[in-house]
Amino acid sequence: TAATFATGKLVGPPGDHLVDVHVELGAAAALPEGCYHVVVELADGSAVTLQVRNGRFVGATLPDGRGVSVVADGVSVGAHSVIEAGVSIGADCSIGPLCRISGPTSIGARNRFESHCSIGAPPQDLKYAGEKTLLEIGDGNTFREFVTMHRGTPGGGGVTRIGNDSLFMAYVHVAHDCMVGSRTIFANAATLAGHVEVHDEATIGAFSAIHQFTRVGQYAFLGGFTAAAKDCLPYMNTTGNRPPKCY
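Along each chain, residue indices are assigned from 1 in the same order as the chain's sequence is written. Local features in this predicted model are restricted to residues whose pLDDT is 70 or higher, and side-chain atom pairs enter the listing and the counts only when it is 80 or higher, whereas totals over whole chains, interfaces and linings include all residues. The basis for every side-chain value is the complete set of heavy atoms in the structure, and neither hydrogens nor water enter the calculation.

K.L.:
Can you explain the overall build of the protein? Please cite residues and give values.
P.N.:
Runs of H or I in DSSP of at least four residues are treated as helices and runs of E of at least two as strands, each being numbered from the N terminus. When helices and strands are tallied, the protein shows 0 helices and 30 strands. Exposure is judged per residue with a 1.4 Å probe applied to protein chains only, and the accessible area is read against the type maximum: over 50% gives exposed, under 20% gives buried, and values in between give partly exposed. Within the protein, the fraction of its 247 residues that count as buried is 45%. Only heavy atoms matter for contacts: two residues are in contact if any of them lie within 4.5 Å across the pair. By sequence separation, contacts in the protein at least 24 residues apart represent 28% of the contacts at least 6 residues apart. Every accessible area reported is derived by Shrake-Rupley at a probe size of 1.4 Å, with residue values counting cover from the shown protein chains alone. Accessible surface, the protein: about 12300 Å² in total, of which carbon and sulfur atoms supply 56%.

As structure tokens, this is what we get:
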């Protein structure tokens, strides 16, 4: 009566398929949620150390210290896309051409990335000194062309987190340490500064900019070109358009 603990395939630089992995535990060995290190022995006698969080591979390390990526079944990767070490991609994801996914980044199932996305790059923070931080993405999201999403910073909790079933249109930017809920819509070129919270079902209009540490409430709607420097109330329409001036 073994229960599946985690499953996927290891992909090492420069993208070679190393090994399929399926880890099972006995029913009596149920573990609480958390991050675990699992050592898998390969056919050649070497071992790979896997990092598993809540049933999902989030990283792997070869004996020589090189990081490798973990890609689940049903994932398609377009031409000239780069998946770097320390990336975990869930089942049935679609990675379009010319995307770059950097680690450590954990991506859930059924996400779709169109071309030229930059996912999991280091934060744009002058205090960042190369520490290990994370980007976590849930299930069922759509990321259109040229979307950029950055990992967290040590001072901001170390993680940027995206929920489920959201739409990020072209040129959207999500900065370090942001927390984005589920079923949100970000129109073209909507931009979040660092440490922003966007709650479930919120809509961010095109070309809007959200100031750092600002919160956008559930079902909030921000009109296009809004510059939000204060919290945006849930269930309310916030529009910050200003009439044009000629100087």
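K.L.:
Before we move on, can you summarise the environment of Asp92 with the specific residues and values?
P.N.:
Examined against the element boundaries, Asp92 turns out to sit in the loop between β9 (87–89) and β10 (94–95). Residues Asp92 and Arg112, 20 residues apart in the sequence, show an inter-C-alpha distance of 8.8 Å.

K.L.:
Tell me about the state of the cysteines, and please be specific about residues and values.
P.N.:
When two cysteine sulfur atoms lie within 2.5 Å, the pair is treated as a disulfide. Enumeration over the complete set of coordinates arrives at 0 disulfides. Here Cys117 stays free of any disulfide, with the sulfur of Cys99 as its closest cysteine sulfur at 4.3 Å. Cys117 sits in the buried class, given a relative accessible area of 2%.

K.L.:
Any chance you could break down the side chain of Asn141 for me, citing the residues and the numbers?
P.N.:
Mapped onto the secondary structure, Asn141 falls in the loop between β15 (134–137) and β16 (142–143). Looking at Asn141, the relative accessible area reads 0%, which means it is buried. Sequence-distant contacts of Asn141, that is, excluding residues within four places in its chain, are made with Arg110, Asn111, Arg112, Ile162, Gly163, Asn164, Asp165, Ser166 and Phe168.

K.L.:
Break down the packing of aromatic side chains for me, with residues and values.
P.N.:
Aromatic pairing here means that ring centres of Phe, Tyr or Trp (its six-membered ring) are within 6.5 Å. Orientation follows from the plane angle: under 30 degrees is stacked, over 60 is edge-to-face, and everything else is tilted. In this structure the tally under the stated criterion is 6 aromatic pairs. With 4.6 Å between their ring centres and 5° between their planes, Phe113 and Phe143 make a pair best called stacked. Taken together, the residues Phe113 in strand β13 (residues 112–113) and Phe143 in strand β16 connect sequence positions 30 residues apart. On the basis of relative accessible area, Phe113 is assigned to the buried category, the value being 1%.

K.L.:
Would you mind going over the environment of Ser166 in detail, with residue names and values included?
P.N.:
With respect to the helices and strands, the residue Ser166 is situated in the loop between β18 (159–162) and β19 (167–168). For the pair Ser166 and Phe186, spaced 20 residues apart in the sequence, the C-alpha separation amounts to 8.1 Å. Any pair of N or O atoms that falls within 3.5 Å is considered a polar contact. Within protein, one atom must be able to donate a hydrogen and the other to accept it, and sequence-neighbouring residues count only if both atoms are side-chain atoms. Only 2.7 Å separates the side chain of Ser166 from the side chain of Thr184, close enough to count as a polar contact.

K.L.:
How would you explain the sheet that holds strand β20 (residues 173–174) if you had to name every residue and give the values?
P.N.:
Following DSSP output, two strands are said to pair if at least two bridges run between them. Here we have 8 strands laid out as an open sheet, ordered β8-β11-β14-β17-β20-β23-β26-β29, and parallel in their pairing. With one partner strand each, in any of the chains shown, β8 (82–83) and β29 (227–228) form the two edges of the open sheet.

K.L.:
Can you tell me about unusual backbone geometry, naming the residues and giving the values?
P.N.:
Cis peptide bonds are those with omega within 30 degrees of zero, and the linkage from Gly103 to Pro104 qualifies with 0°. Secondary-structure assignment places Pro104 in the loop between β11 (100–101) and β12 (105–107). Although it is not a glycine, Arg110 adopts a positive phi angle of roughly 60°. For Arg110, the location among the structural elements is in the loop between β12 and β13. A positive phi is found at Tyr235, a non-glycine position, where the angle reads about 65°. Tracing the backbone shows Tyr235 in the loop between β29 and β30 (237–238).

K.L.:
Summarise the pairing of β18; cite the residues concerned and give the values.
P.N.:
Bridge count between β15 and β18: 4 bridges; the pairing is parallel. In the sheet register, Leu135 faces β18, and the bridge partner there is Thr160. In this structure, β18 lies alongside strand β21 (residues 179–180), joined through 2 bridges in parallel fashion. From the neighbouring strand, Arg161 faces β21, where its bridge partner is Met179.

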